Amino acid sequence: MKILHDIHTHNLFSSCCTDYTASTDAYLQKEAALGMRLFGLSNHIWDERVKGMSYWYRTQTIARAEEAKNAFAHAPAGLRVLFGAETEYYACRDLLGMSEEGAAHFDYLLVPHSHLHMRNEVMWEFPEVIEARGAIRERLRAAFPELSDKQVTAMAAALKEPDLLPLVPELRTEAHAYIVKAMTDSFLSLMENAAFRKICGRLPVSVAHPFSPCGVPHAEKNDYLKLLTDDVLTDCFSRAAALGVAMEINISAVREVNPDLSDNQMIRIFTRAKEAGCRFTFGTDSHSVKGLELISFGGEIAQALGLGRSDLSELVADAVEL
Ligand SMILES: [Zn+2]
Ligand SMILES: [Zn+2]
């Protein structure tokens, strides 16, 4: 199967995109040159109607993102274009970064559950780091009695995990198990989130890079994923299938685990998803014009999973070649 759609792409609107040629128009031209049938733009977006966005999302809002639609009017003939978003889910607060009203601006949504590098938003920091942060807060309070509690808390909260880890004498928490549990819990709580369930009934939704532990060194990802049992995966995917939520086959995430698919836990994970009745969409998660070429690996992954057209979400089922 040749994959002729890519609905996970970030252009310059996303803060993490550093390819200064990555305009919407450049993407459309590149997709046409690659012979693609369907292109979806899915920048990182937090709906400005939802309170609680982090500083990183402050400029990545719907009103600003809609500028891309201007380029869609000039899409090359034969290329279907969709306006989507990769929104956010803060599992720590069970908070979806998209309202029902906001979702109405999009043709589809990608919802991630595993941006684990967003500590204390998607995943709670390690208990020892919480302890170290508390100790720093107390020392700051003693050193600056003129500051309010709010100011002291904000100062202590500004330190990142790498700043605090040197103060942790010993990490007693088993990091692999802790991270994998956080990733599983975030998937399960997303499936129960009321806002998410409402949106799922209104437009096509895929879970972005399911079970890809973002922020973990690439070389260790395969080992992390071995801790996910088949039973846990089947439970998670059965809930998603019941909601009609697709799973995204994120080509970057699969290749980060191992470009050799014969030793790649992502293939086992997607096999469990397929057995549970989930359908799929493909995306490169490209942050550059050149990165769109990664879609050429989609066929190899589809073959490893034994996918047919009926395994694909209706949104993209036409955009493959058998
Ligand atoms: Zn993501
Ligand atoms: Zn992405």
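Criteria and cut-off values
- Residues numbered from 1 in each chain as written.
- Chains lettered and ligands numbered in written order.
- Predicted model: local features only at pLDDT ≥ 70, side-chain atom pairs only at ≥ 80, totals over all residues.
- Helix = DSSP H or I, 4+ residues; strand = E, 2+ residues; numbered from the N terminus.
- Rg over C-alpha atoms; globule rule 2.2 N^0.38 Å.
- Buried ≥ 20, exposed ≤ 12 C-beta atoms within 10 Å, placed from the backbone.
- Contact = placed C-beta atoms within 7 Å.
- Pairing = 2+ DSSP bridges.
- Arc of directions from axis to C-beta.
- Axes fitted to C-alpha atoms, helices over the stretch in contact; angles between N-to-C directions.
- Parallel < 35°, antiparallel > 145°, perpendicular 65-115°, else oblique.
- Left-handed = near helix turned anticlockwise from the far one by under 90°.
- Domains from an automatic or database assignment.
- Right-handed = clockwise from strand over helix to strand, strands pointing away.
- Core = buried A, V, L, I, M, F, W, Y, C linked by C-beta atoms within 7 Å.

K.L.:
What's the story with the overall build of the chain in this structure? I'm lost.
P.N.:
Along the backbone of the chain there are 14 helices and 11 strands. Taken against the 2.2 N^0.38 rule, which gives 20 Å for 322 residues, the C-alpha radius of gyration of the chain at 20 Å falls within 12% of a compact globule. Structurally, the chain occupies a C-alpha span of about 65 × 45 × 35 Å along its principal axes. Looking at the 322 residues of the chain, the share that counts as buried comes to 42%. Taking contacts inside the chain between residues at least 6 apart in sequence as the whole, the part at least 24 apart equals 80%.

K.L.:
Help me understand the sheet that holds strand β8 (residues 205-208) in this model?
P.N.:
The pairing of strands in a sheet comes from backbone hydrogen bonds and takes either a parallel or an antiparallel form. The parallel open sheet is built from seven strands, whose spatial order is β2-β3-β4-β7-β8-β9-β10. Only two strands of the sheet have a single partner each, and these edge strands are β2 (5-6) and β10 (280-283). Inspection of the sheet shows β2 paired to strand β3 (residues 38-44) by two bridges, in the parallel sense. Following the sheet pairing, D6 is matched in β3 by F39.

K.L.:
Can you help me understand helix α1 (residues 24-33) in this one?
P.N.:
Since the α-helix packs 3.6 residues into each turn, any two residues three or four apart lie on the same face. All buried positions along α1 are accounted for by T24, Y27, L28, K30 and E31. Projected down its long axis, α1 shows its buried positions confined to an angular sector of 165°, all on one face. In this structure, the buried side of α1 is in contact with β3, α3 (69-72) and β4 (80-86).

K.L.:
I would appreciate a short explanation of the packing of helix α8 (residues 175-192) against helix α11 (residues 230-243) in the present structure.
P.N.:
Helix-helix packing is characterised by the crossing angle of the two axes and by the distance between the axes. Where α8 meets α11, the axes come as close as 10 Å, and the angle between the chain directions of the two elements is 25°. Comparing their axes, α11 and α8 come out roughly parallel. The two elements α8 and α11 meet at a crossing, and its hand is left-handed. The residues of α11 that touch α8, namely those facing T184, F187, L188 and M191, are V232, C236, R239, A240 and L243.

K.L.:
What is the right way to look at the domain arrangement of the chain in this model?
P.N.:
Accessible area lost upon the coming together of the parts is a frequently used measure of interface size. Per the domain assignment, the segments of the chain are domain 1 (38-52 + 83-123 + 204-266 + 275-280 + 308-322) and domain 2 (127-172). Summarising the inter-unit geometry, the C-alpha centres of domain 1 and domain 2 are found 33 Å apart.

K.L.:
Help me understand the pairing of β3 in this model?
P.N.:
Within a regular strand, side chains alternate between the sheet's two faces. The buried fraction of β3 is high, at seven of seven residues. Residues L38, G40, S42 and H44 of β3 are buried on one face, and the alternating residues F39, L41 and N43, pointing to the opposite face, are buried as well. Viewed along the sheet, the connection from β2 through α1 into β3 turns out right-handed. For β3 and β4, the ladder comprises seven bridges, and the chain directions are parallel. Within β4, the position partnered with N43 by the bridge is A85.

K.L.:
Help me understand the pairing of β10 in this model?
P.N.:
Of the two faces of β10, both are covered, the one formed by F280 and F282 as well as the one formed by T281 and G283. In the sheet, strand β9 (residues 246-250) pairs with β10 via four bridges, with the strands oriented parallel. For E248, the partnering residue across the bridge sits in β10 and is T281.

K.L.:
Would you take a moment to explain the nonpolar core for this structure?
P.N.:
For soluble globular proteins, the rule of thumb is that nonpolar side chains tend to be buried together. In this structure, L109, V111, A240, M247, I269 and F280 are the most contacted members of the largest nonpolar core, which totals 78 residues. Here this core gets seven residues from one element, more than from any other, and that element is α8. In this structure, L109 is in contact with G84, A85, T87, M98, A103, I199, L203 and V205, ignoring residues within four places of it in sequence.

K.L.:
What am I meant to see in unusual backbone geometry here?
P.N.:
Excluding glycine, a negative phi dihedral is what most residues carry, and trans is how most peptide bonds are arranged. Residue D94 is not a glycine yet carries a positive backbone phi of 50°. One can find D94 in the loop between β5 (89-90) and β6 (95-96). For D94, a count of 15 C-beta atoms within 10 Å translates into the label partly exposed. Despite not being glycine, F211 shows a phi value in the positive range, around 60°.

K.L.:
Which parts of the structure should I look at to understand the environment of H10?
P.N.:
Mapped onto the fold, H10 is located in the loop between β2 and α1. Here H10 falls in the buried class, since 23 other C-beta atoms lie within 10 Å of it. Sequence separation between H10 and A253 is 243 residues; the distance between their C-alpha atoms is 15 Å. When neighbours within four sequence positions are excluded, H10 is seen to be in contact with C16, C17, N43, H44, S286 and H287.

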